[in-house]
Each structure stands twice: as structure tokens, then as C-alpha cells.
Amino acid sequence: MIEIDRVSQVFRTSGRQDHLALSEISLAIEDGAFVSILGPSGCGKSTLLYIVGGFVSPTEGAARMKGKTITGPGPDRGPVFQEFALFPWKSVLGNVMYGPRQQGVKTADAEAQSRALIEMVGLKGFEHFYPKELSGGMKQRVALARTLAYHPAVLLMDEPFGALDAHTRTRLQNDLLNIWERDRKTVLFVTHSVEEAVFLSDKVVVMTRSPGRIKEIVDIDLPRPRRRAELLLDPRYQKYVVDIERMIDDTSEDELRP
Amino acid sequence: MISGHALLTRSAPLLACLGLLGIWQVAALIINTDSFPTALEAIRAIPSILGDKESLINIFASLRRMAIGFGVAVIVSIPLGLMMGRSRAVASFFNPLLMVTYPVPKAALMPIIMLWLGVGDIAKMLVIFLGVSLPVIYHSFQGAKAVEEKMLWSGAAMGLSAAQRMARIVLPAALPEILTGCRTGLVLALITMVTSEMIARQSGAGNILFNALDMGQYDTVYAMIIIIGAMGIGLDAGFERMRSKLVKWSEPGFDIPLSFA
């Protein structure tokens, strides 16, 4: 269980005015839930994720995990970034083994586990490739395997498929769902794609633009396991997408009003 | 079929050297003065220098000072540069100091340093140290500053402490840049080595060169220039070989993304 309790975030800017990125956000995320945070760019949704990750401290309020206030990063919360952030001097295998090795897992065991994970994300045969030799989609698969390798209770995904082309993106969404449906980790998923959020999530948190506030939390009541082809034809799915898109349009208009 | 083009590529440096020596030879024949020996005369003087025990001791003394000055500079400069790159406080403390020292020709400090430390090894090694430090600090600083924040966050999430992140993420991530600085530093070490021996003559390759100059042995002067130049090429080639092995993962030639999701 993750609780976000009246979290606000103020960024000091180079000008005189401080920028209020997040304003009084409160949100509870149950164990095993797939929750997406959806909003226009600049709504502070990534910042919220970084606060849960412990990478950024909130100006006000607190984020708690299992009742304990989050004060810094830890292996119980594994991030996956849009920028992949792989270690370029390590091979695919070296990247995936990094976390387990750091946790004190014996080299042979870490290697066996990592090879299994690499196979699970569909990269068998690429163990000894360097990140530079991989395409964006492959890099993100490695990043996911690297994070899964140290068994975080929560996956923090920061627009993980944002830098990928549409086709690759769909494939990775499908694979992520398959992996998730196997072990049901808690996932906090930041995106600006409505379809992606509805397709993947149990719950979609819609945010307003600057300052970021929660506009609405939508429970996505669609059966699992979800199959993309079925879902796209499902009127319930279509309604969720349209409704949420409308909410976001409203918030953009608020923004344009003087 | 490969042999023709590959052979030309491989022998290009040699051809360039031969070309330079050819131009020298012709120019010296045209100018025809004692103080400018021909390339052949200079080359002919090399064996007698390299065959002379005294000269070899001098050259090894130079290389020893250079190695120590370079080694100590690298050991001190890399951590300092990395810390500057990751901490604004450390950077703002050291930056002005470095900016003041950077444009000063290090050999110009030699007379002052000699007043404190004498004309011996320590003074020369200190000058070499100063010459090497700045580019290594600067490149380590740049390299550390450019390390992606998210990479450090990923490490922090795995449980790496701040010190571990410095040693195991910042250092390897900045290594290509650091080694570029070291390569510049190596050449500067050679330059400062020779100039320090020009000012404080006691032993060394520079000592042979400038003594020969004083005595009007111009073939020896030019032979020494060739020897020092060859040392430069050798050191640089050796370093480059090591460098490209260490940072193979970052070389542009390596950049062949595969088409796969």
C-alpha cells in the first residue's frame, strides 16, 4: 500500500516566481494494483512518481509505503525511465545482474536469474550485446528486466514507452501486461496516452495541468487478461477512452482561460 | 582485393613521416647551413645516442619523472574532477583556482619552483604534475557533469550508496571523457618534461638536447628531437590502444542498432 498524503511540490525557477508543480495530492494505491497517472505534459505527473521513488523530496506532505514515510530510493521501488538509463559500459547481462549482485546474490545465481529474465522480456541471444547496439524497444526491455531482477514490490514506470514508435510501443504494452498478469506487482505508470492508460490499468488518475491536481480517478472495469484486439472493439473500452479524453480537454480549456 | 586499400590506410602514417623527412632533407640541402643538418645526418646520429650508456640513463631518468608526475596527477585529478562534476559546492570552490592556473605555462613556473625545491627531480615532477592535472581535472569534471541523473537514480534504487555511485556509476560513465583528458595530459607531460629540463639542466632527454645545442652539435640536437618525437608517438599509440579497449562500449564505430522491437 502506497499513500500519498497532501503532497505539494514547489520548484524554484531562475525568475522570481516559484513554480507550483503539484498541489495537495492525496492518493492511495493498493498492493497489486496497476495505476496510471495521466495528464498533459508539465502537470507534474513524473514528479509525483519521483516522490514515490524517493528521488525527489516533496515540499509539503509525505508519501508513505507500508506506513513508513519515504525518505529516499530503495530496492522495494524499482524505476523504469523513458530514457532507459542503462549502464552503457555493461552488457545486457551485466545490466540485469547489477541489482542482484548489489543485493549480495552470488554471481552464478544472479546470472541464472538474469538469463531467465532476459528470456522473459524476449531478448534471449542478446545477453552479451551492449546498450549501444540495441534499438530503443530492446533497451526498454533490458531496463525492465534490470528492474525486475531485484524484485521490487512496486514498479515505477515513467513514460516508459514514450520514446518508442507506435508499433514497438504496442508490442511492449502487450508484453508488460503478460508479465504483470503473472506476478501482479504494484505498478505506478505515468503516461500521457489515454489509450495506453485505459488498456493497462485498474485505475487511471487524471491530472490537471499546472499546478498539478487530481481531477478525477477513474476505475477501469474491464476484464483481464486483456487482449488488445478484443479491447479495441469493446464499447466499454471505447467509452473510457472518450470520457477521459473529454476530461483532459476540459482541463486544457481551463488552462487557456484568462 | 582488400589488401590494396587496407595496405594504403595502414602505411599512411609511415608515408607521412617519410614525406616529412624528405621535405626536411631537401630543405636542408637547399639552405645548406651548419645549424640545420639534413634528415640523414640527424638519423645517422641516433644510434650513437641510443648506444651511449650515459644518454640512456638520461632518457630513462626523464621517462621516470614523467611517469611519476603523470601517475600522481591522474590519481589526484580524476577524483577531484569527478567530485567537482557532481557537487556544485566543490566545483565553485575549485573552478576559480583552476581558471587562474590554466593559462599559465607550467614551465614558466619552473624558476619559482626551483627556488623552493631546487633543481632536482621533485621540482620537475611537480611541473609535470601541474601540466597534466588541468586537462585531466577538466575532462573528468565535464564527464561527471554529463552523467545522466536517471542512471544515478537507477543505481540508488538498487541500493548503491553515494560513494558507490561515484565509484561504480560516475567513474565508468565518465571514463571516455576522462581518458580523453589523460591522453592530452600524456602529451603535455612529455612537453613539460622537456621544457623543465631545459630550464633546470641536470639530467634527462632535454638536458642532452640543450647541451648539444650549446656545443653546436646540431646533428645531435635534431636526433634528440626525432627521439623525443618518436617517444611521443609511441606513448600516444600505446595509450590509445589501451583507451580504445577500455571504452569499446562507447565508440561510435560500435553504433550499429539492430532492427528489433
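Residues numbered from 1 in each chain as written. Chains lettered and ligands numbered in written order. Predicted model: local features only at pLDDT ≥ 70, side-chain atom pairs only at ≥ 80, totals over all residues.

Colleague: Is there a simple way to explain the packing of helix α2 (residues 39-50) of chain B against helix α10 (residues 218-246) of chain B in this structure?
Modeller: Geometry of a packed helix pair, given as the angle between the helix axes and the separation of the axes. Residue and element names in this part refer to chain B. With their axes 8 Å apart at the nearest point, α2 and α10 run at an angle of 80 degrees to one another. With respect to their mutual orientation, α2 and α10 come out roughly perpendicular. Side by side, α2 and α10 meet where Glu41, Ala42, Ile43, Ala45, Ile46 and Ile49 of the first sit next to Asp219, Thr220, Tyr222, Ala223, Met224, Ile226 and Ile227 of the second. Residue classes in the contact of α2 with α10 are distributed as 10 nonpolar, 1 polar and 2 charged. (Axes fitted to C-alpha atoms, helices over the stretch in contact; angles between N-to-C directions. Helix = DSSP H or I, 4+ residues; strand = E, 2+ residues; numbered from the N terminus. Parallel < 35°, antiparallel > 145°, perpendicular 65-115°, else oblique. Contact = placed C-beta atoms within 7 Å. Nonpolar A, V, L, I, M, F, W, Y, C, P; charged D, E, K, R; others polar.)

Colleague: Where do I start with the interface of chain A and chain B in this structure?
Modeller: Bring the parts together and some accessible area is lost; that lost area is often taken as the interface size. With 28 residues of chain A in contact, the opposing surface of chain B contributes 21 residues. Mapped by element, the contributors of at least two residues to the side of chain A that touches chain B are β6 (77-81), α2 (92-102), α4 (136-148) and α5 (166-183) of chain A. With 4 residues, β6 of chain A is the single largest residue contributor to the side of chain A that touches chain B. Within the side of chain A that touches chain B, the residues separate by chemical class into 14 nonpolar, 9 polar and 5 charged.

Colleague: Even after reading the chapter, I still don't get the sheet that holds strand β2 (residues 19-29) of chain A, so can you show me in this structure?
Modeller: Strands pair in a sheet through their backbones, by hydrogen bonds, and they do so in one of two ways: parallel or antiparallel. All names here are of chain A. With antiparallel pairing, the 4 strands of this open sheet are ordered in space as β2-β1-β4-β5. If you trace the sheet from one side to the other, it starts and ends with β2 and β5 (68-69), each paired once. Two strands pair when backbone bridges link them, and strand β1 (residues 2-11) and β2 are joined in this way by 7 bridges, in the antiparallel orientation. The partner of valine 7 across the bridge, within β2, is isoleucine 25. Contacting β1, β2 and β4 (60-65), helix α1 (residues 45-53) crosses the sheet at an angle of about 60 degrees to β2. (Pairing = 2+ DSSP bridges.)

Colleague: How should I be thinking about the domain arrangement of chain A in this particular structure?
Modeller: All names here are of chain A. Domain annotation for chain A reports domain 1 (1-76 + 154-163 + 173-258) and domain 2 (83-151). If you look at the interface, domain 1 gives 7 residues, while domain 2 gives 8 residues. Tallied by class, the residues present in the side of domain 1 that touches domain 2 amount to 6 nonpolar, no polar and 1 charged. (Domains from an automatic or database assignment.)

Colleague: Which parts of the structure should I look at to understand the confidence of the model for chain B?
Modeller: Parts of the prediction with low pLDDT should not have their coordinates interpreted in detail. Residue and element names in this part refer to chain B. Looking at chain B, pLDDT values average 90 and 95% of them are 70 or higher. When the criterion is pLDDT under 50, residues 254-261 qualifies, and its contacts beyond four places in sequence or with other chains add up to 18 contacts. Here the prediction assigns the complex a pTM of 0.88, and the interface score ipTM is 0.93. (pLDDT = per-residue confidence, 0-100.)

Colleague: What is the right way to read the sheet that holds strand β9 (residues 203-207) of chain A from this model?
Modeller: Residue and element names in this part refer to chain A. Taken in spatial order, the 6 strands line up as β6-β7-β8-β3-β9-β10 in an open sheet, and their pairing is mixed. On the outer flanks of this sheet lie β6 and β10 (214-219), each paired with one strand and no other. Neighbour to neighbour, the strand axes of the sheet diverge by 15 degrees on average, direction disregarded. In this sheet, strand β7 (residues 154-158) lies alongside β6 in parallel orientation, the contact comprising 5 bridges.

Colleague: Would you mind showing me how to read the pairing of β6 of chain A here?
Modeller: For a regular strand, side chains alternate in direction, first toward one face of the sheet and then toward the other. Where burial is concerned, most of β6 of chain A is hidden: 5 out of the 5 residues are buried. Because side chains alternate across β6 of chain A, one face comprises the buried residues Arg77, Pro79 and Phe81 of chain A, and the other comprises Gly78 and Val80 of chain A, equally buried. (Buried ≥ 20, exposed ≤ 12 C-beta atoms within 10 Å, placed from the backbone.)

Colleague: Quick question: what am I supposed to make of unusual backbone geometry here?
Modeller: Residues apart from glycine generally show negative phi values, whereas peptide bonds are mostly found in trans. Residue and element names in this part refer to chain A. That bond from arginine 224 to proline 225 is cis: its omega, -5 degrees, falls within 30 degrees of zero. Checked against the element boundaries, proline 225 lands in the loop between β10 and α7 (228-233). The backbone of phenylalanine 84 sits at a positive phi, close to 70 degrees, despite the residue not being glycine. Looking at the element boundaries, phenylalanine 84 is found in the loop between β6 and α2. Non-glycine residue histidine 151 carries a positive phi angle of around 50 degrees.

Colleague: Can you help me understand the environment of glutamine 9 of chain A in this one?
Modeller: All names here are of chain A. With respect to the helices and strands, glutamine 9 occurs in strand β1. Take glutamine 9: there are 23 C-beta atoms within 10 Å of it, and that puts it in the buried class. When the C-alpha atoms of glutamine 9 and asparagine 178 are compared, they prove to be 35 Å apart, with 169 residues separating the residues in sequence. Among residues more than four places away in sequence, those in contact with glutamine 9 are Ala21, Leu22, Gly44, Thr47, Pro58 and Thr59.

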